[in-house]
Amino acid sequence: MKFRPKPLITSVAGILAAIVLWQLIAVGPAADSPLPPASAVAESLGTVLGTSLFWSDLAATVGIALLGLGTAALAGVVLGILVGSFEPFRYATLAVLEFLKPIPPIVILPLIVLVLGPTGQMSWVLVFFGCVLPIIMQTVDGVHDTDPVARDTARSYGLKEPEILARVVLPSAMPFIGTAMRVAAPAALVITVVAGLLGGGPGLGRSIYQAQAAGDYPTLYALVAVLGVLGLLFQGATRLVEGKLLHWHESFREAAHA
Amino acid sequence: MNRKALHWILGAGTPVLLLALWWIASEQSTSAFFPPLRVILERFQALWLFEHFQSDVLLSLRNLLLGYGVASVAGIALGFVIALVPVARQILEPLIHFLRGIPPVALVPIFISLIGFGIEMRVASIALASLFPTMIATVDGIRSVDPGLKDVARVYRFTTTEKTFRVYLPAAGPQIFSGLQVGLQVAFIVMIASEMLGSSQGIGAMTILAQQSFMTADMWAGILLLGVIGFAANLIFDLIRRRVLAWYIGSRKLARAA
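Below you will find a few notes about this structure. (Residues numbered from 1 in each chain as written. Chains lettered and ligands numbered in written order. Predicted model: local features only at pLDDT ≥ 70, side-chain atom pairs only at ≥ 80, totals over all residues. Heavy atoms only, no water.)

**Digging into the packing of aromatic side chains**
Residues and elements named next belong to chain A. Counted by the stated rule, this structure contains eleven aromatic pairs over all chains. Feature note: the residues Trp124, Phe128 and Phe129 constitute an aromatic cluster, connected by ring pairs. Across the ring face of Tyr91, the terminal group of Arg90 is positioned such that the distance to the ring centre comes to 5.2 Å. (Phe/Tyr/Trp six-rings, centres within 6.5 Å; stacked < 30°, edge-to-face > 60°. Lys NZ or Arg CZ within 6 Å of the ring centre and 35° of its normal.)

What follows is the structure, given as structure tokens:
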């Protein structure tokens, strides 16, 4: 990879210009408005990063997101293989899944909060429901995409049905599952934050709600900025894991040669 | 043929069966969380048809359409600029990626702090949140336009307008539409969230207020309505997409058949 300093300089300049512009607007024309200046936000970011509450919030947010994602992946892949392997199952669930797919988990948030209260468990259930459907559907597609010749070859070599599932069907469904996970991982983080913000579940979402309700705007902005960085880390991490696990697949082999 | 009919019956029958099961199983229910479906539907009719139809349902939908419309037009336009002007890309890209990492719902408290709980806040949150998916997809779509196409446009001395509407827009169309679809989902989520956070009007506000005052059947009615809207919005979008991208979907089918 060639190092090109010029675009980097413009990019850094762009970020700096945005921050300076923000500071000028907040100090000048918008001095009476609730918009805090960038310097105040940076200051309260420093304060917030020094509190143990912040770090336990961060741990709760990441922990709930990962737990929800992990359980959803496990359940989604198992259910997806089941549904994808048996035709009647697939047709029976098609309409139901297609109906539920475009409905975001925030819709059932009031119900889950009512039943479970503002707890970590509530956030986890919400993340699970938000992530499991796309994973099921992608797994079903992946199972269907399995090369029938590979399947028949495995069968004529005398492999048993569970072995075919584990060695032929699952690997060929992996890229589909990978795509689903890449979409689901940032979504898990977003849902955890939503569950905290609207449902009072533990984590950064709840802190943001409290900062807003208390009128502590610098902290509010600082926490939202932290979420922005966290979101980028989540996206980067999933891409990295996907590339590591699927390095053998065509779509990734290309990238390795380039 | 017989098999096909069986699949049809399974596909259409399962949702009916599930609904029937829900009806029968909940009929004698005295649980505070799961009222009988009959009661939910009665409340659905009483609430949404027509007592609160204009004051809440139409209001929510208008906010959604307005915010989403602004975001779509601005997203495509900004996407064009960022993709075609290298300096703009270098300056804005890191900023955009950072903002994209922020969970869209976390922007709602910021807008509340800036412009209060009014309708403007809701429309602005919806617009800003659903801007990013469309914009990023447009940038990606335009950057992956076949260089041959660009050369041909140049050889034919297309004007900028002609190039924009006859070359770039159609070539990037499929990707722009997938961005628009994500944008619609985000807009829908933020519509609900902006109403749930301290507003008194709209479907989301009615649903969360019903939950907080333990009017479970009303809450269920809200969840049902939101679910139906989420599904219907996606369906309408898909119909439009199929119409606009008919040429693309047709060519893909031909390519796959070959």
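**Quick look at unusual backbone geometry**
Residue and element names in this part refer to chain B. At Arg157, a residue that is not glycine, the phi angle is positive and equals roughly 55 degrees. Considering the arrangement of structural elements, one finds Arg157 in the loop between helix H7 (147–155) and helix H8 (160–196). For Arg157, a relative accessible area of 74% puts it in the exposed group. Unusually for a residue other than glycine, Phe214 sits at a positive phi of about 60 degrees. Mapping Phe214 onto the fold places it in the loop between helix H9 (203–212) and helix H10 (216–244). Residue class for Phe214 comes out exposed when judged on its relative accessible area of 61%. (Helix = DSSP H or I, 4+ residues; strand = E, 2+ residues; numbered from the N terminus. Buried < 20%, exposed > 50% of the residue type's maximum accessible area, 1.4 Å probe, protein only.)

**A word on a nonpolar patch on the surface**
Residue and element names in this part refer to chain B. Residues Val81, Leu84, Val85, Val87, Ile91 and Leu92 make up a contiguous nonpolar surface patch of about 430 Å² in total accessible area. At the level of elements, helix H3 (53–84) and helix H4 (86–101) are the ones that each hand at least two residues to the nonpolar patch. The element contributing the most residues to the nonpolar patch is H4, with three residues. Residue position: Val85 is located in the loop between H3 and H4. Given a relative accessible area of 38%, Val85 falls into the partly exposed group. (Patch = residues over 30% accessible without salt bridge, like charges linked within 9 Å, V, L, I, M, F, W, Y side chains within 5 Å. Areas by Shrake-Rupley, 256 points an atom, 1.4 Å probe, with all protein chains shown as cover. Salt bridge = Lys/Arg side-chain N within 4 Å of Asp/Glu carboxyl O.)

**Regarding the packing of H3 of chain B against H4 of chain B**
Residue and element names in this part refer to chain B. Packing of H3 against H4 leaves a shortest axis separation of 6 Å and a crossing angle of 120 degrees. Viewed along their axes, H3 and H4 adopt a mutual orientation that is oblique. For the pair H3 and H4, the contacting residues are Val81, Ile82, Ala83 and Leu84 in the first and Pro86, Ala88, Arg89, Leu92 and Ile96 in the second. For the contact of H3 with H4, the residue count by class is eight nonpolar, no polar and one charged. (Axes fitted to C-alpha atoms, helices over the stretch in contact; angles between N-to-C directions. Parallel < 35°, antiparallel > 145°, perpendicular 65-115°, else oblique. Contact = heavy atoms within 4.5 Å. Nonpolar A, V, L, I, M, F, W, Y, C, P; charged D, E, K, R; others polar.)

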